[in-house]
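Listed here are the chains, written in short residue letters.
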Amino acid sequence: MKIRFIEPGNRPYKKTLLNYFVYDRYIRTPSVGLNTLATIVKKEIDDTYMYSESISKIVFDDVLDADIIFIGIFTFAAVRGYELADHFRKHSHAKVVMGGLHASMNYTEAVQHCDYVMLGEGDETIMTLIRSIEKGEKPAGKGYAWMDGDEIVNTGMPEPPTDLDLIPDRYLVHNYKKMTGHMTIWPQVHASRGCPHNCDYCALVRHFGHCVRTRSPENVVEDIKYSIDFFHKGHFRLLKDLWITDDNFFADRDWAIAVLNKIIDSGIKYRFNIQARYEVGFDDEMLTLLKKAGFFELDMGIEFIDDDSFKTYHKKSTKTEIEEAIKNIQRHGMSVRGLFILGSDNQKKGCGKELADFVIKNNIQGVLIQCMYFVPGTPVYEQNKDRLLHTSWDKYNGNTVHYPKNMTPYELQLENIDASRRIYSVGRLIKALLFEDFVHKVLFTGEFFWHWSTRSDMKKELEYLRTFEKNPVYLNKRCDKNGHPATISQM
Ligand code: B12
Ligand code: SF4
């Protein structure tokens, strides 16, 4: 059997000088999730390999004679994923299987492009599917969807896996080792899955569930050592940062403390950043341990900066609590990166400037700003799907994609551009270069150019968004008659 895994890229990798020095439009790191599945399969089927369009081109000749091609998609990569799936179905004898957050939550859409969709996480169901395909049978048990004539068969969501102690074999990803010479990709470790909270707009909690499942602290530290080694052997890297990508690492507090103690005991000397909810900012014991273990930055999903928006989308936090948490984290010697959403029903024109003022006032050292979007499977999608401008999923990467309550889509896009321009101004770049520590000098410079290029992408959308100024026609405006995304020139 020959198995290939494909991670489609929104945009597929292209060699560029930017990769060496600053982030290009799409920060590029391969999918840890797909790499994990490839590692599971490799244990039983030797001819297993993965391509990630985040970091390299696909060698099509190698993929076309595979027996099974697995394609994993998040929403932003779905359009390219479907394009590749259609191509492989047309030009190879392989069974094409799609999975990942977007395919699982939108299986009725994804199943039109492949032989099977795998629902949920896949770790414990992937080998069953491979063995069934080998025998020419349909898979038994939960976790699969496929077309039977015009009908969709769905065997139901499988139980989430509980044993997650597995180190993804990075060497299975084509060109990954070579790309670690670029400063703009960095080691990543995912240590737990699931979140006990229930924010209305969050797709993750619907995919991974409320039950928090963790890898053993020993396994996490082993993975950290392995990825550091993978990135540094044979390369000189100026930056030494590893990103722990968990959605809520601190949800199981005892386990989080055990992992941090294990990192400290291991003697690893490295810099880490991690995603965190604001509550961690009040946990002095945790903050002390984080600092001691080498963490330099917490990436906080702040989302909104007004209490009304928190209430509207059932996010349990307040502006005051967030500001206090940020101050305390900074007191402990770590910086805060802010992840924000613009375009809530409570925000109006001027929200971009308000956001920039908040970021500058609180000395937040980097931002990701995403315009509000609603993806199938989330409560907000059911309430707001008629306000989506289109389902061209490749545009769901920061752009305005819905009709906000108190602004036009065009105005919201301008607010996002305005916030980015104010936060990443030339003046602030000079200030960072003069006064920040070495890591933040490098990070701010990288992000300055990255935001510059994402702003230029956002500006390209303005012409399209202006068409909604006088004539608000909503759903599927950008899709052709088959429900496929149409280009502007086709509209
Ligand atoms: C690391 C990361 C990134 C990295 C790398 C992404 C990558 N290549 O995977 C970078 C920094 C590049 C990134 C960028 C962005 N990201 Co991001 N990112 C993440 C993060 C934090 C972790 C990903 C991860 O490792 N997950 C852990 C693994 C174990 O899970 P997994 O990948 O889903 O895989 C499991 C299953 O889904 C399944 N599976 C996956 N694929 C397949 C395939 C098959 C065939 C099968 C059977 C199963 C299967 O098996 C895996 C193991 O169980 C996630 C949050 C999250 N928890 O996933 C956000 C997340 C994926 N990002 C998100 C977003 C929005 C973005 C951006 C658009 C942000 C922005 N505005 O710029 C950009 C998009 C960049 C682009 N190209 O356009 C959203 C996507 C939402 C959605 N509906 O798809 C997420 C979910 C965050 C969120 N809070 O909503 N991101
Ligand atoms: S806290 Fe984060 S991961 Fe958890 S439900 Fe809310 S947005 Fe999702």
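All values derive from a computational prediction rather than experimental measurement.

### Brief notes about the site of ligand 2
Around ligand 2, the neighbouring residues are C195, H197, N198, C199, C202, L204, V205, D247, N248, R277 and G301. A class-by-class count of the residues in the shell around ligand 2 yields 5 nonpolar, 4 polar and 2 charged.

### As for the sheet that holds strand 6 (residues 144-148)
Read from one edge of the open sheet, 7 strands run 2-1-3-4-5-6-7, paired in mixed fashion. Only two strands of the sheet have a single partner each, and these edge strands are strand 2 (48-52) and strand 7 (151-154). Taken pair by pair, the neighbouring strands of this sheet meet at an average axis angle of 20°, ignoring direction. In the sheet, strand 1 (residues 3-7) pairs with strand 2 via 5 bridges, with the strands oriented parallel. Looking across to strand 2, one finds that F5 is bridged to M50.

### What about unusual backbone geometry?
Its identity as a non-glycine residue notwithstanding, E303 has a phi of 65°, on the positive side. Among the structural elements, E303 can be located in strand 13 (residues 295-303). Positive phi, close to 55°, is recorded for H314, a residue that is not glycine. As for its placement among the helices and strands, H314 is situated in the loop between helix 13 (307-312) and helix 14 (319-331).

### With respect to the domain arrangement of the protein chain
Accessible area lost during the coming together of the parts is what is often quoted as the interface size. When cut into domains, the protein chain gives domain 1 (3-154) and domain 2 (186-469). Here the C-alpha centre of domain 2 lies 26 Å away from the C-alpha centre of domain 1. Every contact between the two is made by 16 residues of domain 1 and, on the other side, 23 residues of domain 2. Mapped by element, the contributors of at least two residues to the side of domain 1 that touches domain 2 are helix 4 (78-91) and helix 5 (101-105).

### Considering the site of ligand 1
The environment of ligand 1 is made up of 40 residues, and the closest members are G33, G72, G99, G100 and M118. Breaking the shell around ligand 1 down by element, the ones donating at least two residues are helix 2 (32-42), strand 3 (68-72), strand 4 (95-99), helix 5 and strand 15 (366-371). Ranked by residues supplied to the shell around ligand 1, first place goes to helix 2 with 5 residues. Residue composition of the shell around ligand 1, by class: 19 nonpolar, 18 polar and 3 charged. Residue contributions to the shell around ligand 1 reach at least three from each of two domains, namely domain 1 (3-154) and domain 2 (186-469).

What counts, and at which threshold
Residue numbers here run from 1 along each chain, matching the order of that chain's written sequence. Here every chain gets a letter starting at A, and every ligand a number starting at 1, in the order they are written. Thresholds applied to this predicted model are a pLDDT of at least 70 for local features of residues and 80 or more for the giving and counting of side-chain atom pairs; totals over whole chains, interfaces and linings are not thresholded and use all residues. Placing a C-beta atom from the backbone of each residue, we mark the residue near a molecule or strand if the atom is within 6 Å of it. By the convention adopted, Pro, Cys, Tyr, Trp, Phe, Met, Ile, Leu, Val and Ala count as nonpolar, Lys, Arg, Asp and Glu as charged, and the other residues, Gly among them, as polar. Two strands pair if DSSP finds at least two bridges between them. A run of DSSP states H or I qualifies as a helix once it reaches four residues; a run of E qualifies as a strand once it reaches two. Both are numbered from the N-terminal end. Axis definition: a line fitted to C-alpha atoms, over the contacting stretch in the case of helices. Angles run 0 to 180 degrees between N-to-C directions. Each domain's limits were defined by an automated method or a database of domain assignments. Think of it this way: build a C-beta for each residue from its backbone, and any pair within 7 Å is a contact.

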